[in-house]
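Survey of secondary and tertiary structure
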Amino acid sequence: MNFIEFISQPWHWSISGVAISLIMFILLWFGGGFGASSNLRTLCAIGGAGHKHSFFDFDWKSQIWNLVFIFSAIIGGFIAVTYLPSPEPVQISQATQDYLQSVGVSTPQTIDQGFGFVPSEIYAMENFLSAKNLFLLLGGGFLVGFGTRYAGGCTSGHAISGLSNLQIPSLIAVIGFFIGGLFMTWIILPAILTF
Amino acid sequence: MKSLKYILPGILFGIVMTKSEAVSWFRIQEMFRFESFHMYGIIGTAVVLGALMVFIMKKINVKNVDGSEIKFASKDAGYKRYLIGGTIFGLGWAMTGACPGPMFTIVGHGVWSILFVILSAILGTYTYGAIRSKLPH
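On a predicted model such as this, the values are computed, not experimentally measured, just so you know. (Residues numbered from 1 in each chain as written. Chains lettered and ligands numbered in written order. Predicted model: local features only at pLDDT ≥ 70, side-chain atom pairs only at ≥ 80, totals over all residues. Heavy atoms only, no water.)

Summing up its helical and strand segments, chain B has six helices and zero strands in all. The helix and strand sequence of chain B, counted from the amino end, reads α-α-α-α-α-α. Taken over the C-alpha atoms alone, chain B extends approximately 45 × 40 × 40 Å along its principal axes. Across the 137 residues that make up chain B, the buried fraction comes to 57%. Residue pairs at least 24 apart in sequence account for 42% of intrachain contacts in chain B once pairs closer than 6 positions are excluded. (Helix = DSSP H or I, 4+ residues; strand = E, 2+ residues; numbered from the N terminus. Buried < 20%, exposed > 50% of the residue type's maximum accessible area, 1.4 Å probe, protein only. Contact = heavy atoms within 4.5 Å.)

Okay, structure coming up:
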């Protein structure tokens with residue numbers, strides 16, 4: 001097995017955790033910080049939202065570094081699936097697969113059926129334009145954008161950066177992430193998927 | 001030009017998000033159903049190591065590349081905005097299976113429908129900015 005084959009396998013969670021903390025260190029050392037969601041605010045500011053609402057009236061040029069970071073992640077995603085593709089789809093637990101089957105979402109079993117990153121029933125080009133899927137994508141996206149800015153951060157800003165810096169507000173935010181995530185996963189999403 | 005050095009860590013982030021499978025909608029479902037340790041392992045490892053790193057960096061007073069103090073963002077006191085905002089984000093996270101970092105990473109996978117999620121997320125942030133003075137913080 002050569003090096004490329006070796007790193008093309010799915011990474012163990014511990015390796016991934018080490019890599020994420022390393023990225024946080026690089027960003028701090030470069031003078032920035034690890035927080036993806038503030039880019040959404042910067043994009044609003046670049047679009048001229050600062051003329052209407054003071055929340056977006058800030059020196060967005062000082063945040064260009066973060067946009068460079070997040071747009072480069074697109075390149076990273078492309079490299080990962082093009083040059084380092086996993087030989088098998090994401091191996092999630094049988095219990096989750098069985099549950100998803102019961103609400104009409106199939107889990108790819110071979111790499112020909114998909115990477116196992118997004119469910120084709122919702123995200124595939126031929127499916128996503130249904131009313132139900134557009135509701136999931138547009139509604140969910142809106143909640144992510146609204147909620148992250150209201151809370152002042154997302155998984156990277158609060159769960160990783162904030163908790164690493166022992167911030168109590170970040171702990172409260174992460175508890176909120178789970179209140180919302182559990183309610184959606186156990187109550188609302190199954191109802192939408194089986195509607 | 002000073003921003004260009006963020007290209008490599010950004011590329012690394014996209015690769016890590018993909019290879020760790022943190023971009024996976026299925027992994028997020030599995031996490032919120034408590035049916036695997038995978039996501040908890042990733043976040044837990046990153047937080048424990050991150051906390052150790054931040055502690056040491058403060059202790060020995062590590063400077064950034066420009067030689068100035070490193071900015072460790074401290075969050076404003078309070079709980080309402082974190083609890084309510086966090087809950088709203090959690091709803092969206094489980095609904096789309098994507099948080100803001102993975103959202104962009106998935107564009108690189110050629111999943112074009114995620115662009116609708118990103119556009120809607122920008123609209124959500126805009127809406128927050130427009131009505132924030134009326135919200136409890």
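Turning our attention to the environment of Leu 136 of chain A. By the secondary structure assignment, Leu 136 of chain A is in helix α7 (residues 131-151). Leu 136 of chain A sits in the buried class, given a relative accessible area of 1%. Between the C-alpha atom of Leu 136 of chain A and that of Tyr 123 of chain A, which follows or precedes it by 13 residues, the distance is 9.9 Å. Here Leu 136 of chain A is in contact with Ile 122, Gly 141, Leu 189, Ile 192 and Leu 193 of chain A together with Met 95 and Thr 96 of chain B, once residues within four sequence places are set aside.

Further remarks concern the domain arrangement of chain A. Residues and elements named next belong to chain A. Domain boundaries assigned for chain A yield domain 1 (1-84) and domain 2 (118-195). With centres defined by C-alpha atoms, the gap from domain 1 to domain 2 works out at 18 Å. Listed by partner, the interface residues are ten residues for domain 1 and ten residues for domain 2. Each partner contributes to the roughly 710 Å² buried at the junction of domain 1 and domain 2, and carbon and sulfur atoms together form 69% of this total. Among the residues of domain 1 in contact with domain 2, Met 24, Phe 34 and Ser 37 are the three that bury the most area, contributing 58% of the side total. Summed over the shared surface of domain 1 and domain 2, the result is zero salt bridges. For the interface between domain 1 and domain 2, the tally reads three residue pairs in polar contact (both at pLDDT 80 or more). Counting residues per element, the ones that place at least two in the side of domain 1 that touches domain 2 are α2 (13-29) and α3 (38-46). Per element, the largest residue contribution to the side of domain 1 that touches domain 2 is three residues, and it comes from α3. Residues that form the side of domain 1 that touches domain 2 fall into these classes: six nonpolar, three polar and one charged. (Domains from an automatic or database assignment. Buried area = accessible area lost by both parts, 1.4 Å probe. Salt bridge = Lys/Arg side-chain N within 4 Å of Asp/Glu carboxyl O. Polar contact = N/O pair within 3.5 Å; in protein donor to acceptor, adjacent residues only side chain to side chain. Nonpolar A, V, L, I, M, F, W, Y, C, P; charged D, E, K, R; others polar.)

Moving on: the packing of aromatic side chains. Under the definition given, this model contains 26 aromatic pairs over all chains. For the ring pair Phe 55 of chain A and Tyr 128 of chain B, a centre distance of 5.3 Å and an interplane angle of 85° mean the geometry is edge-to-face. Taken together, the residues span two chains, with Phe 55 of chain A in the loop between α3 and α4 (64-82) and Tyr 128 of chain B in helix α6 (residues 114-131). Accessibility expressed as a relative area gives 10% for Phe 55 of chain A, which makes it buried. Between the aromatic rings of Phe 177 of chain A and Phe 89 of chain B, the centroid separation amounts to 4.8 Å while the plane-to-plane angle is 80°, which identifies the pairing as edge-to-face. Placement of Phe 177 of chain A in helix α9 (residues 168-193) and of Phe 89 of chain B in helix α4 (residues 80-96) is noted, with the two residues assigned to different chains. Taking relative accessible area as the criterion, Phe 177 of chain A reaches 1% and is therefore assigned buried. (Phe/Tyr/Trp six-rings, centres within 6.5 Å; stacked < 30°, edge-to-face > 60°.)

Let us look at helix α8 (residues 155-164) of chain A. Of all ten residues in α8 of chain A, nine are buried; the element is thus mostly enclosed. When we look at burial in α8 of chain A, the residues that qualify are Thr 155, Ser 156, Gly 157, His 158, Ala 159, Ile 160, Ser 161, Gly 162 and Ser 164 of chain A. Elements in contact with the buried residues of α8 of chain A: α2, α7 and α9 of chain A together with α3 (38-59) and α4 of chain B. One or two residues past the end of α8 of chain A sits Leu 166 of chain A, with phi positive at roughly 55°.

Let us now look at the interface of chain A and chain B. If you look at the interface, chain A gives 122 residues, while chain B gives 106 residues. Summed over both partners, the interface of chain A with chain B comes to about 10,300 Å²; 77% of that surface belongs to carbon and sulfur atoms. Taken together, the connections running from chain A to chain B amount to zero salt bridges. Taken together, the links from chain A to chain B amount to 30 residue pairs in polar contact (both at pLDDT 80 or more). When its residues are assigned to classes, the side of chain A that touches chain B shows 81 nonpolar, 38 polar and three charged.

Turning our attention to α7 of chain A. Taking 1.5 Å of rise per residue, the 21 residues of α7 of chain A would be expected to cover 30 Å, and the 29 Å separating its terminal C-alpha atoms lies within 8% of that figure. Residue Gly 152 of chain A follows α7 of chain A closely and has a positive phi angle near 80°. (Expected span 1.5 Å × (residues − 1).)

Here we take up the packing of helix α5 (residues 94-102) of chain A against helix α2 (residues 25-32) of chain B. One way to put it is that α5 of chain A packs onto α2 of chain B with a least axis distance of 10 Å and a crossing angle of 105°. One finds that α5 of chain A runs roughly perpendicular with respect to α2 of chain B. Contact residues: α5 of chain A offers Thr 96, Tyr 99 and Leu 100 of chain A, while α2 of chain B offers Trp 25, Phe 26, Gln 29 and Glu 30 of chain B. Taken together, the residues of the contact of α5 of chain A with α2 of chain B sort by class into four nonpolar, two polar and one charged. (Axes fitted to C-alpha atoms, helices over the stretch in contact; angles between N-to-C directions. Parallel < 35°, antiparallel > 145°, perpendicular 65-115°, else oblique.)

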